[in-house]
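Residue-level structural notes
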Amino acid sequence: MMEDVIMHGTGNRFLIHCGDRAPATFLKNLRGVDGLLVLSSDEESDFYMQIFNADGGEAQQCGNGLRCAALHLYRSKLVPTSELTIRTLAGISKCTVFPDRNEVEVTIGTPEIGPTFCGVDQNAIADLPEMHFVSMGNPNAILWTEDDPVKVRQEYGPIVVGHDGFSEGINLHVARLDSPNHATVASWERGVGSTLASGTGGASVFVSSKQPAPFVVSSKGGSLTYSYADDGQIVMSGPAVYD
């Protein structure tokens, strides 16, 4: 069994545990990380990954976490090849590890576009700015701006994410289109707050932009590249790093 480690993907820090300890034992003292990833054996894929936010709430999907988990499983020799599958509440993701450069490519599901898929009560959010909604297995709101995304995030992040108009909560991603294939993004995520990056958030920005692939999303934590697979799933590639 591999040891517990802390890893980050473009600045999102995770404690990774592979074993049978109850998540609650970790969540009591979860400090300095954005979430907990619990890996276990699975009949449908190579491994099953539970995702817990810093506040203890369970999340459906985490693109940055997937990359970290895939690299660590490969480095720990718990999978036979650099190609593996990891199942989350959102479904099964195919992961390809590139160990020579510590990068991982993962599929993170087929996007579902519109407020219905994100548990949005449109009447209740009439007081909020106009946003686009994309589910990547988790609910995401995209707020486009021509200003500094970090500044806009700080203004609207707590208001949007804590709003009663979202039955499942929401992750807010403030995005600025800098060129046809590049956006700068700042995220405020449910159960966490402001984050240095968001893998599924970047995917939702790519979908909302309606721009051609490859599409690069940059945030304070680094850059991720997005495209579409033949079956319509989003493919994300980027780094995974040990602390």
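Further up the page is the structure itself.
So, here's what we can say about the structure. By convention here, each chain's residues receive numbers from 1 onward along its written sequence. Restriction of local features to residues with pLDDT of at least 70 applies here, the model being predicted, together with a cutoff of 80 or more for giving and counting side-chain atom pairs; totals for whole chains, interfaces and linings are based on all residues. The basis for every side-chain value is the complete set of non-hydrogen atoms in the structure, without hydrogens or water.

Here we take up the pattern of salt bridges. Each reported salt bridge corresponds to a side-chain nitrogen of Lys or Arg within 4 Å of a carboxyl oxygen of Asp or Glu. A complete count under the given rule lists 4 salt bridges for this structure. A salt bridge links Asp 42 to Arg 87; the nearest nitrogen and oxygen atoms lie 2.7 Å apart. Taken together, the residues Asp 42 in the loop between β3 (35-40) and β4 (47-53) and Arg 87 in strand β6 (residues 83-88) connect sequence positions 45 residues apart. A relative accessible area of 21% means that Arg 87 is categorised as partly exposed. Each helix is a run of DSSP H or I of at least 4 residues and each strand a run of E of at least 2, with the numbering of both proceeding from the N terminus. We call a residue buried when its accessible area falls under 20% of the maximum for its residue type, exposed when it is over 50%, and partly exposed in between, using a 1.4 Å probe and counting protein chains only.

With 5 of its 6 residues buried, β3 lies for the most part within the structure. In short, DSSP must find at least two bridges between two strands for them to pair. As paired elements, strand β2 (residues 12-18) and β3 share 5 bridges and run parallel to each other. For Cys 18, the partnering residue across the bridge sits in β3 and is Leu 39. Sheet topology places β3 next to β4; 6 bridges connect them, and they run antiparallel. Note on β4: the bridge partner recorded for Leu 36 is Phe 52. Counting the residues that bridge the hairpin from β3 to β4 gives 6 residues.

This part takes up the pairing of β4. Among the 7 residues that make up β4, 6 are buried, leaving the element largely enclosed by the rest of the structure. In the sheet, β4 pairs with β6 via 2 bridges, with the strands oriented parallel. Counterpart to Phe 47 in the pairing with β6 is Ile 86. One ladder, built from 2 bridges, connects β4 with strand β5 (residues 58-59); its direction is antiparallel. From the neighbouring strand, Phe 52 faces β5, where its bridge partner is Glu 58. In sequence, β4 turns back onto β5 through a hairpin of 4 residues, with Gly 56 there showing a positive phi of about 95°.

The subject of this paragraph is the packing of aromatic side chains. Within 6.5 Å between ring centres, the rings of Phe, Tyr and Trp (the latter by its six-membered ring) count as paired, and their orientation is classed by plane angle as stacked under 30 degrees, edge-to-face over 60, tilted in between. What the rule picks out here adds up to 4 aromatic pairs. Relative to Phe 166, the ring of Phe 133 lies with its centre 6.1 Å away and its plane at 50°, an arrangement referred to as tilted. Note that Phe 133 is positioned in strand β10 (residues 132-135) and Phe 166 in the loop between α3 (149-161) and β12 (171-179), a separation of 33 residues in sequence. Residue classification places Phe 166 among the buried positions, given a relative accessible area of 5%. Ring pairing ties together the aromatic residues Phe 206, Phe 215, Tyr 226 and Tyr 228, which thus form one cluster.

This part takes up the state of the cysteines. Sulfur atoms of two cysteines make up a disulfide when they are within 2.5 Å. This model, assessed by the stated rule, comprises 0 disulfides. Here Cys 68 stays free of any disulfide, with the sulfur of Cys 62 as its closest cysteine sulfur at 7.9 Å.

What follows deals with the environment of Ile 170. Structurally, Ile 170 can be placed in the loop between α3 and β12. For Ile 170 and Gly 119, which are 51 residues apart along the polypeptide, the C-alpha to C-alpha distance reads 8.6 Å. Working rule for contacts: check all heavy atoms of both residues, and any pair within 4.5 Å makes them a contact. The contact partners of Ile 170, leaving out residues within four places of it in the chain, are Cys 118, Phe 133, Pro 139, Asn 140, Ala 141, Val 160, Val 161 and Arg 190.

Turning next to the nonpolar core. Ranked by internal contacts, the top residues of the largest apolar core, which has 44 residues, are Leu 39 and Ile 86. Note on terminology: a nonpolar core comprises buried Ala, Val, Leu, Ile, Met, Phe, Trp, Tyr and Cys residues joined through side-chain atoms within 4.5 Å. Listed in part, the 16 residues of the second largest apolar core include Phe 133, Val 161, Ile 170 and Leu 172.

Once that is clear, we can look at unusual backbone geometry. Omega for the bond connecting Ala 213 with Pro 214 falls within 30 degrees of zero, at 0°, which places this linkage in the cis form. The residue Pro 214 is located in the loop between α4 (199-209) and β15 (215-219) in this model. Even without a glycine there, the phi angle at Lys 77 is positive, about 60°. With respect to the helices and strands, the residue Lys 77 is situated in the loop between α2 (63-75) and β6.

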